[in-house]
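Each chain, letter by letter, is given below.
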Amino acid sequence: MTNEEGIFDLNEKKGNYILTVSFIGYSPYSQKILVEDKQIDLGNLILERDEKILDAVTVQGTKSLIEHNSDRLIFNVESSVAASGGNAWQILSKTPGVRIDRGEEPNIVGKQGTMVMIDDRVMKLSPSELKSLLQNMSADHISSIDVITSPSAKYEAQGAGGIIQIKRKKSQSYGITGNLNLAYDQRVFDSYSGGANLNLRNEKFDIYARYSQSQDKNQWGDDMGMLIADNLVQVDLLGEGGGNAYKMEGGIDYHIDNRNVIGLQLEHSTSNYNFLDRTENRTGSLQQPIQTFESAMDGEEGMKALNLHYSNEIDTLGRLLKIDLDYFTNKNNTAQNLFDNGIKANGEKNGELYSSGNSQQDMVLKSFQIDYIHPSKKGILEIGTKISYNYRESGYDFFQVIGNQLVKDKDVSNQFNFKETIGALYANYKISFKDNLNLNGGLRGEYTNTQQSSLHQIPRNYKKEYLNIFPSISINYQTRKENQWVLSYGKRIQRPMYFSLNPFRFYGNPFIYSEGNPFLKPSIVHNTELGFILKGNYSIKVFYQYLEDPFFGQIPQWDEDNDLIGLKPNNLPSSHRYGLNLLIPVSLTNWWSLTNTLNVMMRDETFVYLGEDVHNQVLSAQFSISNSISLPKGFRAEISGWYNSPHTQYVFNYRSTYDISFGIKKSVLKDKGTLALNATDLFKGNFSPSKMDLKYLKGERLSTWNSQSLRISFSYRFGKSTVKTIQERKTSNQDERNRL
């Protein structure tokens, strides 16, 4: 049997053989071969079309919702009812093994620090920038989401807890095909989205173009009462806002011949937004009057991306050379006005401007990468190099009202520049012993140079450079009953993101600000996993993480000089994580199947907070279940839910949360169209309540957002295509080749 690309190899005894190749829709091919000690390259075997058969072939099928390999879990988005009409951010929150912390940051359950990739491209964005990018990406354009818990040396070492890889759909058929989609989403406010994509593929060209547009509006709340170092701060916030987003992307691959491909990909997106937060604040004591403020924010963001790539299949044995060049820019401009909405002595609403701020952020990412794959009789060697350059420039101008005049506050206004260059080399080797033992090991070296400067930073210019070596190894043993044991170890790094280093102070209200820490150190993480896969379906994994210099981004501190609460990230002492992950798929009938996951984790951390020794040793769990049901007359339904038990992260004790969602879809218009209805968070259990109960920090916080929604969507497929030919083979190592 060949793989899906038509690649095969034979390991037989010496002698004369007849090789026969057959494929549906093609005439069989036969050839006599002589097997000796030396390796034989048979080249490209061409099958002639059998037109009488080919025209009658129609292939239909649906992938399993969940698959798992030794190093990853694969969530096949295109098989999910919940994906219809949604965006990438929404479907990411439904991916088994992934948790969106406080509605903002995706992480692999039980592990801290996760790197997100899209089609093998690393997204070095802040949580808010990443959320905005994924919200502008249609889930109908996504093929699968890989949750990689044991990355090999070929992947960047960034992402201490693993990698979430989003793979977009690629046309696999010759001809012209396309898709149109529309969606209406009802939450507190209405939202709309729509898009189209077009694909053209023949023997020489692969061309695609996509366009999407959305109009979105949300509501959120954040109520907090905190007693920190005997100082009371009470904030009740209700916000609303949204905007419009547009995204265009396209690409072309030119097949120079059967082994050489050169291509170009372009992306461009723009969005504008406006937010309005109303807060009621009290500081000092309960006897102090409540002060009311209104924060109005307007902004615009633009993203551009360019990718040039070349691949050369050196021979039919799988030797492959890939070259990639990436260029990415992102610009964000925001204006914020804070109004005093207190009541005057005469009973009138104040409404006077309290302060104003303007921020500008420009980002440029450049990277150049070369990968080479060399299979042999004994194993597969992978080597490569990558150079990446990250430049950020930020400006923040803050004005206060003094005597009815806006006066620039030079102590708060700031300019921050950041440069990061990373050079990497890696080597990875896969080898098989007998037929049931596989070893995958590698080394990756990364040299990092960072330079940053700020008007108020001491020292004003700060430079850091360091070299790290990251080993990784995975041992896979398959028993006679098709069961597998997998043991892996990997060393990875969590570098602080730009927003965690930026020393700007951002005020949501006059009494609380957040700022970055330019002197944060990167965290080194050691990951060890032992897994067992039963009959290729059920899996159980236990893991251990050791974190050196972990950092947490929202640790409250009391600013005695200004009588304010400051939220600032800091490095903490080394800590430990222990966990257990279960995946149990169940087929109850031929029309009803379930996918169940259970993740249990223990955090063990010790640190000092405001002079108090704190030791957290807390057990937590997450459970999810997804029911996939095939109904009569072309209907498919999905009922899913998850539950997060109470858990602790440093000074915050989070209460339990849950979500129950439902979706149903039907094929219409001779299976060319799909009509879907999805309802999320039916019982409003997806929010973020937390409690603080330390000696010098007590309080509660409740964060809410628009998790409950009702969405109706329609998509229509058009075009005519033919079955992919066997000449269109790529390589026997498709795992190493996700990019076109």
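These numbers come from a predicted model, not from an experiment. (Residues numbered from 1 in each chain as written. Predicted model: local features only at pLDDT ≥ 70, side-chain atom pairs only at ≥ 80, totals over all residues. Heavy atoms only, no water.)

(A) Structural view of the layout of surface pockets. Considering only enclosed or pocket space, the second largest pocket measures out at about 540 Å³ in volume. If you go around the second largest pocket, you meet 26 residues; those closest to its centre are Ser64, Leu65, Ser587, Ser593 and Thr595. Going through the elements one at a time, strand E3 (66–68), strand E31 (575–587), strand E32 (592–609) and strand E33 (612–630) are the ones with two or more residues in the lining of the second largest pocket. (1 Å grid on protein atoms, 1.4 Å probe; cavity = no way out; pocket = protein on both sides within 12 Å on 5 of 7 lines; lining within 4 Å. Points joined across faces, edges and corners; volume = space filled by probe spheres on them. Helix = DSSP H or I, 4+ residues; strand = E, 2+ residues; numbered from the N terminus.)

(B) Just the nonpolar core, in detail. Grouped together as the largest cluster of nonpolar side chains are 34 residues, with contacts concentrated most on Ile91, Leu134, Ile142 and Ile145. The biggest single contributor to this core is helix H2 (residues 88–92), with four residues. If we skip the residues at most four places from it in the chain, Leu134 touches Asn87, Ala88, Trp89, Leu92, Ile118 and Ile166. Grouped together as the second largest cluster of nonpolar side chains are 22 residues, Leu572, Val651, Tyr654 and Leu694 included. (Core = buried A, V, L, I, M, F, W, Y, C linked by side-chain atoms within 4.5 Å. Buried < 20%, exposed > 50% of the residue type's maximum accessible area, 1.4 Å probe, protein only. Contact = heavy atoms within 4.5 Å.)

(C) Molecular detail of the sheet that holds strand E7 (residues 115–118). Read from one edge to the other, the open sheet built from six strands follows the order E3-E4-E9-E10-E7-E8, with strand pairing classed as mixed. Looking at which strands have only one partner, the edges of the open sheet turn out to be E3 and strand E8 (121–122). In the sheet, E3 pairs with strand E4 (residues 72–75) via three bridges, with the strands oriented antiparallel. For His68, the partnering residue across the bridge sits in E4 and is Leu73. (Pairing = 2+ DSSP bridges.)

(D) The arrangement of the pairing of strand E24 (residues 484–494) in detail. The sheet contact formed by strand E23 (residues 461–478) and E24 spans seven bridges and is antiparallel. Looking at E24, one finds that Tyr477 is bridged to Trp485. Between E23 and the antiparallel strand that follows it, E24, lie five residues; Glu482 among them carries a positive phi value of about 60°. The pairing of E24 with strand E27 (residues 523–534) spans eleven bridges and is classified as antiparallel. Pairing of Arg492 across the sheet is with Val525, part of E27.

(E) Local environment of a nonpolar patch on the surface. Where nonpolar side chains cluster on the molecular surface, the patch consists of Ile176, Leu198, Leu200, Phe205, Ile207, Ile252, Tyr254, Ile256 and Ile262 and spans about 690 Å² of accessible area. Put simply, the parts of the chain that give the nonpolar patch at least two residues each are strand E12 (190–201), strand E13 (205–228) and strand E14 (231–255). Judged by its relative accessible area of 45%, Ile176 is partly exposed. (Patch = residues over 30% accessible without salt bridge, like charges linked within 9 Å, V, L, I, M, F, W, Y side chains within 5 Å. Areas by Shrake-Rupley, 256 points an atom, 1.4 Å probe, with all protein chains shown as cover. Salt bridge = Lys/Arg side-chain N within 4 Å of Asp/Glu carboxyl O.)

(F) Examining the pairing of E13 more closely. Of the strand pairs in this sheet, E12 and E13 are connected by ten bridges, and their pairing is antiparallel. Across the sheet, residue Asn197 finds its bridge partner in E13, namely Arg210. Following E12, the chain reverses through three residues before pairing antiparallel with E13.

(G) Structural context of the packing of aromatic side chains. This model, assessed by the stated rule, comprises 17 aromatic pairs. Here the aromatic rings of Phe293 and Tyr354 are separated by 5.2 Å at their centres, their planes lie at 80°, and the arrangement is edge-to-face. Taken together, the positions of Phe293 in strand E16 (residues 291–313) and Tyr354 in strand E18 (residues 352–375) put the pair 61 residues apart, joining distant regions of the chain. Taking relative accessible area as the criterion, Phe293 reaches 2% and is therefore assigned buried. Plain terms: the ring middles of Trp591 and Trp592 are 6.0 Å apart, the flat faces sit at 20° to each other, and that makes the pair stacked. Residue classification places Trp591 among the partly exposed positions, given a relative accessible area of 41%. With relative accessibility at 30%, the residue Trp592 sits in the partly exposed group. Counting every residue linked through ring pairs, the aromatic cluster contains Phe552, Phe607, Tyr650, Phe652 and Tyr654. The cationic tip of Lys217 hangs over the ring face of Phe189; the distance from NZ or CZ to the ring centre is 4.4 Å. One Lys or Arg, Lys666, reaches over the ring of Phe635 and ends 5.2 Å from the middle of that ring. (Phe/Tyr/Trp six-rings, centres within 6.5 Å; stacked < 30°, edge-to-face > 60°. Lys NZ or Arg CZ within 6 Å of the ring centre and 35° of its normal.)

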